[in-house]
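Commentary on secondary and tertiary structure
Below are the chains, spelled out letter by letter.
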Amino acid sequence: MSQVKVVFFASLKESLGVSDAVIDLQGPTSIEEIKQKLNASLENPDPLFEEGIQCSIDYEFARDSSKVDPETVREIAFFPPVTGG
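This report concerns the structure included in the present document. (Residues numbered from 1 in each chain as written. Predicted model: local features only at pLDDT ≥ 70, side-chain atom pairs only at ≥ 80, totals over all residues. Heavy atoms only, no water.)

**Looking at the pattern of salt bridges**
- Counted under the stated rule, the structure contains 1 salt bridge.
- The partner of K35 in a salt bridge is D64, and the shortest N-O contact between them spans 3.4 Å. With K35 in helix α2 (residues 31-41) and D64 in the loop between β5 (60-62) and β6 (67-68), this pair connects stretches of sequence that are 29 residues apart.
- Since its relative accessible area comes to 8%, K35 is described here as buried. (Salt bridge = Lys/Arg side-chain N within 4 Å of Asp/Glu carboxyl O. Helix = DSSP H or I, 4+ residues; strand = E, 2+ residues; numbered from the N terminus. Buried < 20%, exposed > 50% of the residue type's maximum accessible area, 1.4 Å probe, protein only.)

What follows is the structure in structure tokens.
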């Protein structure tokens, strides 16, 4: 079993009430499965499941179906929708 750091940014961090978490993973795990693990461990997980929440794996955008290999991944990040100008 390996530990992976999960970080939360911007308004998502404020809504969740935490800036990061560490989760234990056994083998490749999808982002959706990681969200379910966080659902069980966070006090207020609802904001994580709001429409438009984005995710990255080691600074690369990811989808709910993307797989995380805990042997090689250093960080998973969740953040609100990004807007630019």
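**Some remarks on the pairing of strand β7 (residues 75-79)**
- A large share of β7 lies buried, amounting to 5 of its 5 residues.
- Neither face of β7 is exposed, since E75, A77 and F79 on one face and I76 and F78 on the opposite face are all buried.
- Pairing analysis gives 4 bridges linking strand β4 (residues 54-57) to β7, with the strands arranged antiparallel. In the sheet register, S56 faces β7, and the bridge partner there is A77. (Pairing = 2+ DSSP bridges.)

**Here we look at the sheet that holds β7**
- What the 5 strands build is an open sheet, ordered β2-β1-β7-β4-β5; its pairing is mixed. Looking at the sheet topology across the chains shown, the edges are occupied by β2 (20-25) and β5. With strand direction ignored, the average angle separating the axes of adjacent strands in the sheet is 30°.
- Here strand β1 (residues 2-8) pairs with β7 via 4 bridges, running parallel. Looking at β7, one finds that V6 is bridged to I76. (Axes fitted to C-alpha atoms, helices over the stretch in contact; angles between N-to-C directions.)

**Looking at the nonpolar core**
- Counting residues in hydrophobic clusters, the biggest one holds 21 residues, and the most contacted among them are F8, I31, I34, L38, V68, I76 and F78.
- Counting residues per element, the ones that place at least two in this core are β1, α1 (10-16), β2, α2, β4 and β7.
- Those residues in contact with F8 that sit more than four places away from it in its chain are K13, L16, V18, S19, D20, A21, L38, L42, L48 and F78. (Core = buried A, V, L, I, M, F, W, Y, C linked by side-chain atoms within 4.5 Å. Contact = heavy atoms within 4.5 Å.)

**A word on the environment of K37**
- Note that K37 resides in helix α2.
- Sequence-wise, K37 and P80 are 43 residues apart; in three dimensions their C-alpha atoms are separated by 19 Å.

**Quick look at the pairing of β1**
- With 5 of its 7 residues buried, β1 lies for the most part within the structure.
- The pairing of β1 with β2 spans 6 bridges and is classified as antiparallel. Note on β2: the bridge partner recorded for V4 is I23.

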